[in-house]
Amino acid sequence: MSLYEYKLQTAPQNFYNVTSKVKEAVAKSNIKNGICVVFSPHTTAGITINENADPDVVRDMLLGLSRAYPDSKDFMHAEGNSTAHLKASAMGSSATVIINDGKLLLGIWQGIYFCEFDGPRTRRFLVKVIGE
Amino acid sequence: MSLYEYKLQTAPQNFYNVTSKVKEAVAKSNIKNGICVVFSPHTTAGITINENADPDVVRDMLLGLSRAYPDSKDFMHAEGNSTAHLKASAMGSSATVIINDGKLLLGIWQGIYFCEFDGPRTRRFLVKVIGE
Amino acid sequence: MSLYEYKLQTAPQNFYNVTSKVKEAVAKSNIKNGICVVFSPHTTAGITINENADPDVVRDMLLGLSRAYPDSKDFMHAEGNSTAHLKASAMGSSATVIINDGKLLLGIWQGIYFCEFDGPRTRRFLVKVIGE
């Protein structure tokens, strides 16, 4: 069944490096070659792959996303979080990673991030492993 | 062969909730566990997953995307729809959803949207179901 | 094992049409029906699917992305390429394409692009083919 769920507690806006959890899921699956899909079941939080080293990259990405998709008095959605919906779709609801010989084929600087745009909340994400 | 195609008629710009069609494809496939890929074979229309409840979310997302990727007299593409190409890539050409026990593992507020940025047109999208 | 790697030399910023390489990988895999995942193992280069005909579309997309995610003196990442990180996540680290009867089910105007935002560099991308 190769399906795993993880929970996390989030801040108002932040990216959370979940790579170690995804590695754990792939190890548990015993699938050595294939792909895995990391999925956010939320509409104001997404998944992206980006730099795992300098935390200023995440800081700058949050700033850049807020400038690309600023809040606006013209938005009509009553919850007032349309900018978070935009950012979630801009990053995407999932990331797909290749598995080879039991390992995630990420680049040396890549980490898998859960992207919170409308916290703080208790969130979850899913990892599905598909063998070839 | 687990491959399904659907057609739709679009407005100049809008998001179309195609979740029920994707559910239908998964049911027809008889695949109970795996993933499905929803794919737009167009370059000015994409696929995204976002809120299925308040139609103002889609309205606000279309507005926010038009502000992030405004039309410009500096664009040189002769068809004049470069902003639609940008929005299509911003949303992405596909979405991947996990299937568990015959059901799409979407969050309660999530719907799968076909995103038209350069209609009105007759469009189509593909659903491919992959078992584990 | 259906996994293939390709290298390319890039300019400072450009999109490279890698569709023929992906087709080659799918042909080598001998997999006739399924999906393939095209993955960039970099954090300042992504993958997207967009128009394969008029080169002005790529030109306009690079311009539009630079306006959506402009460089800023407020960015703190020491390498000074935060805008490239943003653009890479905006396009995404991978694209998934359906394979049917040995062929990529791309639309007639679609090509698969490796998107360089921080070159010139020697880059690589991966193609993983998954049968149904």
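If you're wondering where the values come from, they're calculated on a predicted model, not measured in any experiment.

Looking at the overall build of chain A
In terms of helices and strands, chain A carries three helices and eight strands. The secondary structure elements of chain A, listed N-terminal to C-terminal, are β-β-α-β-β-α-α-β-β-β-β. Taken over the C-alpha atoms alone, chain A extends approximately 50 × 30 × 25 Å along its principal axes. Here the contacts in chain A between residues at least 6 apart in sequence split such that 84% fall between residues at least 24 apart.

With respect to the interface of chain B and chain C
Counting residues at the interface gives 30 residues for chain B and 34 residues for chain C. Summed over both partners, the interface of chain B with chain C buries about 2500 Å², with 59% contributed by carbon and sulfur atoms. In terms of surface lost to chain C, no three residues of chain B exceed Phe39(B), Thr43(B) and Ser89(B), which account for 20% of the buried area on that side. There are two salt bridges connecting chain B and chain C. The closest approach of N and O atoms between Asp74(B) and Arg67(C), which form a salt bridge, is 2.4 Å. Joining chain B to chain C, the criterion identifies 14 residue pairs in polar contact (both at pLDDT 80 or more). Elements with a minimum of two residues in the side of chain B that touches chain C: strand 3 (34-39), helix 3 (82-91) and strand 8 (122-131) of chain B. Per-element tally for the side of chain B that touches chain C: the top contributor is helix 3 of chain B, with five residues. Each residue belonging to the side of chain B that touches chain C can be placed in one class, and the counts come to 16 nonpolar, 11 polar and three charged.

Considering the confidence of the model for chain A
In this model, chain A carries an average pLDDT of 97, and 99% of its residues clear a pLDDT of 70 or more. Interface confidence for the predicted complex, given as ipTM, is 0.97, next to a pTM of 0.98.

With respect to the interface of chain A and chain B
The partner chain B presents 33 residues to the 29 residues of chain A that form the contact. Taken as a group, Phe39(A), Thr43(A) and Ser89(A) account for 20% of the area that chain A buries against chain B, more than any other trio of residues on that side. There are two salt bridges connecting chain A and chain B. Note that Lys128(A) is salt-bridged to Glu132(B), the shortest N-O span being 2.7 Å. The interface formed by chain A and chain B includes 14 residue pairs in polar contact (both at pLDDT 80 or more). Those elements that provide at least two residues to the side of chain A that touches chain B are strand 3 (34-39), helix 3 (82-91) and strand 8 (122-131) of chain A.

About the cut-offs
Residues numbered from 1 in each chain as written. Chains lettered and ligands numbered in written order. Predicted model: local features only at pLDDT ≥ 70, side-chain atom pairs only at ≥ 80, totals over all residues. Heavy atoms only, no water. Helix = DSSP H or I, 4+ residues; strand = E, 2+ residues; numbered from the N terminus. Contact = heavy atoms within 4.5 Å. Buried area = accessible area lost by both parts, 1.4 Å probe. Salt bridge = Lys/Arg side-chain N within 4 Å of Asp/Glu carboxyl O. Polar contact = N/O pair within 3.5 Å; in protein donor to acceptor, adjacent residues only side chain to side chain. Nonpolar A, V, L, I, M, F, W, Y, C, P; charged D, E, K, R; others polar. pLDDT = per-residue confidence, 0-100.

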